Amino acid sequence: MTEEDIRIRRFYIPDDEVWERSHNTWKQLKPRRNFNHRDPSDEKPLEYSQRIISIFNNIPIDVLIQWQFEHIYNLDMVNNYGWINYHEVTFNLVYWSEKEFSKVQVFSGFKDYVDRRSIISNFEHLSCTDEDKDYWRQFGTWRVPIIVLETENIINVPNYAELNRPYQLIEGHTRFGNYNAIKCLSEQGKVQISNKHKVFLMSVS
């Protein structure tokens, strides 16, 4: 890391030990961006994903852009998932129903956030872009698959990480809250919701 990299990272994670204990592969996933100022020279999402998949061809572009590109310095992400070796993960695009989603746990730090969005009773008040609302109306599902971690077989979890079994939502907390809200609206006959939804299911070998 350059001095500038360290300065930027410390703006989000002041404790050097927290960052240093993360796996080297997590550090490799860091975008070339000035997170403080969004400089014109910042690495763009597509530039980032193209560079990273040359190192980690096991991580889909849609995962990289919505997760690491946006949240690499999020303290909860670093603690919960930064210790994992990303050469030893797989992402499978699966189609899940309400039955599978009932087993998905939300990290305690984000649970209130998801719960608040799950009780929105007006479709127009959903927290998403107009493009996403149009997609919900047309297809009854989210436009970009959420990311879920299969936790059942993960061992040697650090004591500073929170991994709930059997599945934990990694990224897509707004979408998951919207899903819960739209499911209720669908039961009231106000909107239609699909029976299946795309999920990037992450597994650790």
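Residues numbered from 1 in each chain as written. Predicted model: local features only at pLDDT ≥ 70, side-chain atom pairs only at ≥ 80, totals over all residues. Heavy atoms only, no water.

1. Focus on the overall build of the chain
In step 1: When its secondary structure is counted, the chain shows 10 helices and 5 strands.
In step 2: Its C-alpha atoms give the chain a radius of gyration of 18 Å, near enough to 17 Å, the size a compact globule of 205 residues would have.
In step 3: Expressed as lengths along the three principal axes of its C-alpha atoms, the size of the chain is roughly 55 × 40 × 30 Å.
In step 4: Sorting the 205 residues of the chain into buried and exposed places 47% on the buried side.
In step 5: For the chain, the accessible area works out to roughly 10,800 Å², and carbon and sulfur atoms hold 47% of it.
In step 6: Here the chain carries 25 positive and 29 negative side-chain charges, and the mean point of each set is 3 Å from the other. (Helix = DSSP H or I, 4+ residues; strand = E, 2+ residues; numbered from the N terminus. Rg over C-alpha atoms; globule rule 2.2 N^0.38 Å. Buried < 20%, exposed > 50% of the residue type's maximum accessible area, 1.4 Å probe, protein only. Areas by Shrake-Rupley, 256 points an atom, 1.4 Å probe, with all protein chains shown as cover. Lys, Arg positive; Asp, Glu negative; His and termini not counted. Charge placed at Lys NZ, Arg CZ, Asp CG, Glu CD.)

2. As for the side chain of R175
In step 1: One can find R175 in helix α10 (residues 173-187).
In step 2: For R175, a relative accessible area of 18% translates into the label buried.
In step 3: Separated by 2.5 Å, the side chains of R175 and Q66 make a polar contact.
In step 4: A distance of 3.1 Å separates a polar atom in the side chain of R175 from the backbone oxygen of P145. (Polar contact = N/O pair within 3.5 Å; in protein donor to acceptor, adjacent residues only side chain to side chain.)

3. Notes on the packing of helix α4 (residues 45-53) against helix α5 (residues 61-71)
In step 1: Interhelical geometry of α4 versus α5 gives an angle of 115° and a closest axis separation of 9 Å. Taken together, the axes of α4 and α5 are roughly perpendicular relative to one another. α4 and α5 meet at a crossing whose hand is right-handed. Contacts from P45, Y48, S49, I52 and I53 of α4 reach α5 at I61, L64, I65, Q68 and F69.
In step 2: Along the lines of polarity and charge, the residues of the contact of α4 with α5 split into 8 nonpolar, 2 polar and no charged. (Axes fitted to C-alpha atoms, helices over the stretch in contact; angles between N-to-C directions. Parallel < 35°, antiparallel > 145°, perpendicular 65-115°, else oblique. Left-handed = near helix turned anticlockwise from the far one by under 90°. Contact = heavy atoms within 4.5 Å. Nonpolar A, V, L, I, M, F, W, Y, C, P; charged D, E, K, R; others polar.)

4. Describing unusual backbone geometry
In step 1: Backbone torsion omega between R165 and P166 reads 0°, so that peptide bond is classified as cis.
In step 2: Turning to its location among the elements, P166 is positioned in the loop between β3 (146-150) and β4 (167-171).
In step 3: Its identity as a non-glycine residue notwithstanding, N156 has a phi of 55°, on the positive side.
In step 4: Of note, N156 is situated in the loop between β3 and β4.
In step 5: The exposure class assigned to N156 is exposed, which follows from its relative accessible area of 70%.

5. Regarding the sheet that holds β3
In step 1: Across the sheet, 5 strands lie side by side as β1-β5-β3-β4-β2; this open sheet has mixed pairing. Of all the strands in the sheet, the pair left with one neighbour each is β1 (89-96) and β2 (104-105).
In step 2: Along the sheet face, α10 touches β2, β3, β4 and β5 (197-204) and points at about 120° away from the line of β4. (Pairing = 2+ DSSP bridges.)

6. A look at the nonpolar core
Among soluble globular proteins, nonpolar side chains are generally buried collectively.
In step 1: Membership of the largest hydrophobic core comes to 58 residues, with the highest contact counts inside it found for L29, W67 and Y86.
In step 2: Setting aside residues no more than four positions away along its own chain, L29 makes contact with Y48, I52, F56, I59, L64, Q68, I72 and Y86. (Core = buried A, V, L, I, M, F, W, Y, C linked by side-chain atoms within 4.5 Å.)

7. Considering the pairing of β5
In step 1: By the criterion of burial, β5 is predominantly enclosed, with 6 of the 8 residues buried.
In step 2: Here β1 pairs with β5 via 8 bridges, running antiparallel. In the strand pairing of β5, N92 is matched with L201.
In step 3: Strand direction decides the pairing type here: β3 and β5, joined by 4 bridges, are parallel. Opposite V148, over in β5, you have L201 as the bridge partner.

Geometric values such as these leave the question of function open.
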